[in-house]
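An overview of the molecular structure
Here is how the chains run, residue by residue.
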There are 2 protein chains.
Amino acid sequence: MRISSLKKSDMSFDLDTYLSDKKKLVEDRLNSLLRNPGAPLGKLEESIRYSALAGGKRLRPILAIAACEALGGSADNVLPIACAIEMIHTYSLVHDDLPSMDDDALRRGVPTNHTIFGEAAAILTGDALLTDAFYVMVNEGLSSGIEPELLCEVISDISHAAGSHGMIRGQAIDLQIETFTEDNGDVSLQDIELMHSLKTGALIEVSITTGAKIGGADTKQLKQLALYGRSIGLAFQIVDDVLDVVGGGDMGKESGNDARNDKSTYAQLAGIEASKKRASELTESAVGALSNFGESAEPLKEIALYLGCRKF
Amino acid sequence: MRISSLKKSDMSFDLDTYLSDKKKLVEDRLNSLLRNPGAPLGKLEESIRYSALAGGKRLRPILAIAACEALGGSADNVLPIACAIEMIHTYSLVHDDLPSMDDDALRRGVPTNHTIFGEAAAILTGDALLTDAFYVMVNEGLSSGIEPELLCEVISDISHAAGSHGMIRGQAIDLQIETFTEDNGDVSLQDIELMHSLKTGALIEVSITTGAKIGGADTKQLKQLALYGRSIGLAFQIVDDVLDVVGGGDMGKESGNDARNDKSTYAQLAGIEASKKRASELTESAVGALSNFGESAEPLKEIALYLGCRKF
């Protein structure tokens, strides 16, 4: 299977329209979830809204919706959980950007939270988005018709993916607080893949499997979509690494950040060409994992192709 | 009702033994919950364990257990949720101690997390404890026999108490990121009470109501125990304010911190004598709220008297 043969397989599906429709759905719901109508707008709420409504691709919630719809479920069912996942993703960005972490001044094309609201407010803003995400999951999830048993499973999956064995461990590895390997040897491509699979991959994968579970996936379908999720998660990050070196793309922050921060990246270790090849292989693997899903998985397929083949 | 008439009402109950027994129960469980037996001890795990196992009164989990037992429930049932609440409390301490927040060097008598592990690790440690608390709640809660419906309610209650309308808002007010009052006038005693009721009170109250719900409380019992929780939460904080001025107690940090940080405290605004009086009134109110519970609520009663009457 070659990437070129996978492109534009269905001319009737327009990815740009799909992405912008779902993005609007997510942002409208986030906008109402993050406003307390009974109180005046305080600085904490303002700071939460600044970061959560600052744009961004909304990749994770869109993937959750697309996975749910691929199984025949409705976007309404999964939307609150999708928004909660985006709140968790946003908290992680606000904290990762802090001076003691990656010390970034720009995010999604605008000044980072702490440069506007101060460091203490940024820490609290992240804490609030993370905590409130669980409140949204449970209350809005029940309201949208998810059964308590399934909701407990969803909360377990998401907290595991975001916690000390998932995303947070990935960030600790990235900051070199946690070592890559037991033998403390040189950093290998496998180490970088592990870091990415935790830091970015875990939440992307759980977005997809959660959407699939809410859509009613069976065990085999879940396994296939988990492979899809792992593959696009890593492809996405390798493409980001390449874009960070060669520039381009629409990342909303300056190129070369990782190099300046003296971080080993996939692109540095493997080289640009090998990185592009790996991203293509992963994209093929992701598309291959969708082979049993038929037309309802068209959005997932197009998203994989978009993420893995962004212009370098 | 006078405090003096409430003391030592039951010579057969020994509070010190009760507190140390329950503390051991909580710490043994936390110790096993916060260890990943399949992996070597990494720096992140070490940092999490440093702060979560550094001692402390374990007031919140003990209150959850005492409330559950007051209703005839068992400690085993509520223990995982009690530990999850303590993880949330610990995360809030680790973040509150950060240089950009309260900038404290000592906590529970030992150096604060960031002075040992660095600021980035401390932020991630707090994030991990908060996220993993929800993983523990849902997985260990189900294993201990809590029904999914009730577990969803518990997760809703706890995330609300800890989130942007509860504990985090209280910390934002304390840091003067969020204003006390809409009119931005002088800080009043009512404002300070609001701040305390959010920053400390919300998590204490939800510890008690959660324990009570798991113990099978009816609506009336829940209302009484919520009043008990609100009263001891505020009394506890006013006593802390007084101890911060006059010294004494066993707070594990130096006296006078609040004054140095230029924070308005209850004791400064109301004076020492009025503060002691208010703490006594609140303690009477807490003990009064237990009047329908009989002997099974003896631990809750003794805890209220202990917290409200610590030696000044």
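Residues numbered from 1 in each chain as written. Chains lettered and ligands numbered in written order. Predicted model: local features only at pLDDT ≥ 70, side-chain atom pairs only at ≥ 80, totals over all residues.

**Observations regarding the overall build of chain A**
Check the secondary structure of chain A and you find 15 helices and two strands. Looking at the 312 residues of chain A, the share that counts as buried comes to 53%. Intrachain contacts of chain A at a sequence separation of at least 6 include 74% that bridge at least 24 residues. (Helix = DSSP H or I, 4+ residues; strand = E, 2+ residues; numbered from the N terminus. Buried ≥ 20, exposed ≤ 12 C-beta atoms within 10 Å, placed from the backbone. Contact = placed C-beta atoms within 7 Å.)

**Let's talk about the relation of the copies chain A and chain B**
Turning chain A through 180 degrees and shifting it by 0.0 Å along the axis lays it on chain B, with an RMSD of 0.0 Å. What the rotation and shift describe, once combined, is the action of a two-fold rotation axis. For chain A, the smallest separation between a C-alpha atom and the rotation axis is recorded for Pro148 of chain A, amounting to 2.7 Å. (Least-squares fit on C-alpha atoms with pLDDT ≥ 70 in both.)

**Observations concerning the interface of chain A and chain B**
Counting from both sides, the interface comprises 43 residues of chain A and, opposite them, 43 residues of chain B. Those elements that place two or more of their residues in the side of chain A that touches chain B are helix H3 (43-52), helix H7 (119-143), helix H8 (148-162) and helix H9 (167-174) of chain A. Sorting elements by how many residues they give to the side of chain A that touches chain B places H7 of chain A first, with 15 residues. Looking at side-chain class alone, the side of chain A that touches chain B contains 24 nonpolar, 11 polar and eight charged residues. (Nonpolar A, V, L, I, M, F, W, Y, C, P; charged D, E, K, R; others polar.)

**Remarks on the packing of helix H10 (residues 189-214) of chain A against helix H11 (residues 219-246) of chain A**
In a packed pair of helices, the relevant descriptors are the angle between the two axes and the axis-to-axis distance. Residue and element names in this part refer to chain A. The interhelical angle for the contact between H10 and H11, taken along N-to-C directions, is 140 degrees, at an axis separation of 8 Å. Taken together, the axis directions place H10 and H11 in an arrangement best described as oblique. Crossing geometry of H10 relative to H11 is assigned as right-handed. Two secondary-structure elements touch here, H10 through Glu193, His196, Ser197, Thr200, Gly201, Ile204, Glu205, Ile208, Thr209, Ala212 and Lys213 and H11 through Gln221, Leu222, Leu225, Ala226, Tyr228, Gly229, Arg230, Ile232, Gly233, Leu234, Phe236 and Gln237. (Axes fitted to C-alpha atoms, helices over the stretch in contact; angles between N-to-C directions. Parallel < 35°, antiparallel > 145°, perpendicular 65-115°, else oblique. Left-handed = near helix turned anticlockwise from the far one by under 90°.)

**Describing H8 of chain A**
Along its 15 residues, H8 of chain A runs 21 Å from first to last C-alpha, staying within 8% of the 21 Å computed at 1.5 Å per residue. Where H8 of chain A is buried, its residues contact helix H5 (75-96), H7, H9 and H10 of chain A together with helix H7 (119-143) and helix H8 (148-162) of chain B. (Expected span 1.5 Å × (residues − 1).)

**Notes on helix H4 (residues 59-70) of chain B**
Residues and elements named next belong to chain B. Taking 1.5 Å per residue as the helical rise, H4 with its 12 residues ought to reach 16 Å, and the 16 Å between its terminal C-alpha atoms agrees with that figure. Burial within H4 is extensive, with 12 of its 12 residues counted as buried. Next to the buried residues of H4 lie helix H2 (15-33), helix H5 (75-96), helix H10 (189-214), helix H11 (219-246) and helix H15 (298-308).

**Remarks on the nonpolar core**
Taken as a class, soluble globular proteins show a tendency for nonpolar side chains to be buried jointly. Of all hydrophobic cores here, the largest spans 184 residues; its most connected members are Ile155 of chain A together with Ile155 of chain B. In contact with Ile155 of chain B, not counting residues within four places along its chain, are Phe134, Val138 and Ile155 of chain A together with Phe134, Met137 and Val138 of chain B. (Core = buried A, V, L, I, M, F, W, Y, C linked by C-beta atoms within 7 Å.)

**Observations concerning the environment of Leu234 of chain A**
Residues and elements named next belong to chain A. Inspection of the secondary structure assignment puts Leu234 in helix H11. The exposure class assigned to Leu234 is buried, which follows from the 27 C-beta atoms found within 10 Å. Along the primary structure Leu234 and Gln268 are separated by 34 residues, whereas in three dimensions their C-alpha atoms are 16 Å apart. With residues near it in sequence (within four places) discarded, Leu234 still touches Glu193, His196, Ser197, Gly201 and Leu282.

**Some remarks on unusual backbone geometry**
Glycine aside, negative phi is the norm for most residues, and most peptide bonds take the trans geometry. Even without being a glycine, Arg58 of chain A presents a positive backbone phi close to 60 degrees. With respect to the secondary-structure elements, Arg58 of chain A resides in the loop between H3 and helix H4 (59-70). Even without being a glycine, Gln176 of chain B presents a positive backbone phi close to 60 degrees. Positionally, Gln176 of chain B belongs in the loop between helix H9 (167-174) and H10. Judged by the 14 C-beta atoms lying within 10 Å of it, Gln176 of chain B falls in the partly exposed class.

**Things to note about the packing of helix H14 (residues 272-288) of chain B against H15 of chain B**
Residues and elements named next belong to chain B. Their axes nearest at 9 Å, the elements H14 and H15 cross at an angle of 175 degrees. As far as their axial angle goes, H15 and H14 are roughly antiparallel. Residue-level inspection shows Ala279, Ser280, Leu282, Thr283, Ala286 and Val287 of H14 in contact with H15, the latter providing Lys301, Ala304, Leu305 and Gly308. Per-class residue counts for the contact of H14 with H15 are six nonpolar, three polar and one charged.

**A few points about the environment of Leu222 of chain B**
Residues and elements named next belong to chain B. Here Leu222 shows up in helix H11. Note on Leu222: 16 C-beta atoms within 10 Å, which makes it partly exposed. Separated by 66 residues in sequence, Leu222 and Gly288 have C-alpha atoms that sit 14 Å apart. What Leu222 contacts, discounting residues up to four positions off in sequence, is Thr209, Ala212, Lys213 and Ala217.

**Let's talk about the confidence of the model for chain A**
Regions with low pLDDT carry predicted coordinates that are not meant to be interpreted in detail. Of all residues in chain A, 89% have pLDDT values of 70 or greater, and the mean over the chain is 90. For residues 1-6 of chain A, every residue scores under 50 in pLDDT, and the model assigns this stretch nine contacts once sequence neighbours within four places are set aside. (pLDDT = per-residue confidence, 0-100.)

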